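Descriptive analysis of the structure
One-letter residues, chain by chain:
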Amino acid sequence: MKENGRCITKLENMGFRVGQGLIERFTKDTARFKDELDIMKFICKDFWTTVFKKQIDNLRTNHQGIYVLQDNKFRLLTQMSTGKQYLEHASKYLAFTCGLIRGGLSNLGIKSIVTAEVSSMPACKFQVMIQKL
């Protein structure tokens, strides 16, 4: 189990670095964002479309620094069986993506904690908790 945790941490860190690089490239010709919500909309539309060929299906917020991004057909999980037997492996696929989101937000000046949950494949939810400085 300890080895699995290390693997997930490495994947999350790789995703973070990739997310930072991608955001730098994607936003070099973009106007400044108005606010946090504007940045999250960019992540859900433009960033997600470029990386996963579709937009996030649903973005929710409590207007207090927590955002939930829902993808009903998450591309990295659609190739896996829709059965429960692969649910335990989903965390590895989601760790990289959590890092991707966190790295992208970091490069846009937002420090965050990103977690993911899968209740039924291939749908998943990413929870983004903004850390106020």
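Bear in mind that the values here come from a model prediction, so they are computed numbers and not experimental data.

Attention now goes to the pattern of salt bridges. According to the stated counting rule, one finds four salt bridges in the structure shown. The salt bridge involving lysine 132 is made with glutamate 36; its shortest N-O contact spans 2.8 Å. Linking lysine 132 in the segment after strand 4 (124-130) with glutamate 36 in helix 2 (residues 36-52), this pair joins segments that are 96 residues apart in sequence. With a relative accessible area of 60%, lysine 132 lands in the exposed category. Lysine 54 serves as the salt-bridge partner of aspartate 57, at 3.0 Å between the closest nitrogen and oxygen. Taking relative accessible area as the criterion, lysine 54 reaches 22% and is therefore assigned partly exposed. Among the charged side chains, a network of salt bridges with common partners joins Lys54, Asp57 and Asp71.

All right, on to the sheet that holds strand 4 then. Pairing is antiparallel in the open sheet, where four strands are placed in the order 1-2-4-3. Looking at the sheet topology across the chains shown, the edges are occupied by strand 1 (58-61) and strand 3 (112-117). Going across the sheet, the axis of each strand differs from the next one's by a mean of 15°, ignoring polarity. Strand direction decides the pairing type here: strand 2 (residues 66-71) and strand 4, joined by six bridges, are antiparallel.

Another point: the packing of aromatic side chains. The tally for this structure, following the rule as stated, stands at seven aromatic pairs. Judged by centre distance (4.6 Å) and plane angle (45°), the rings of tryptophan 48 and phenylalanine 52 are tilted. With tryptophan 48 and phenylalanine 52 both in helix 2 and four residues apart, this pair spans about one turn of that helix. Both residues of the pair, tryptophan 48 and phenylalanine 52, count as buried. Geometrically, the ring pair formed by phenylalanine 74 and phenylalanine 126 is edge-to-face, given 5.5 Å between the ring centres and 70° between the ring planes. Here phenylalanine 74, found in the loop between strand 2 and helix 3 (75-78), pairs with phenylalanine 126, found in strand 4; they are 52 residues apart in sequence, far enough to count as distant.

How each quantity is defined
- Residues numbered from 1 in each chain as written.
- Predicted model: local features only at pLDDT ≥ 70, side-chain atom pairs only at ≥ 80, totals over all residues.
- Heavy atoms only, no water.
- Salt bridge = Lys/Arg side-chain N within 4 Å of Asp/Glu carboxyl O.
- Helix = DSSP H or I, 4+ residues; strand = E, 2+ residues; numbered from the N terminus.
- Buried < 20%, exposed > 50% of the residue type's maximum accessible area, 1.4 Å probe, protein only.
- Pairing = 2+ DSSP bridges.
- Axes fitted to C-alpha atoms, helices over the stretch in contact; angles between N-to-C directions.
- Phe/Tyr/Trp six-rings, centres within 6.5 Å; stacked < 30°, edge-to-face > 60°.

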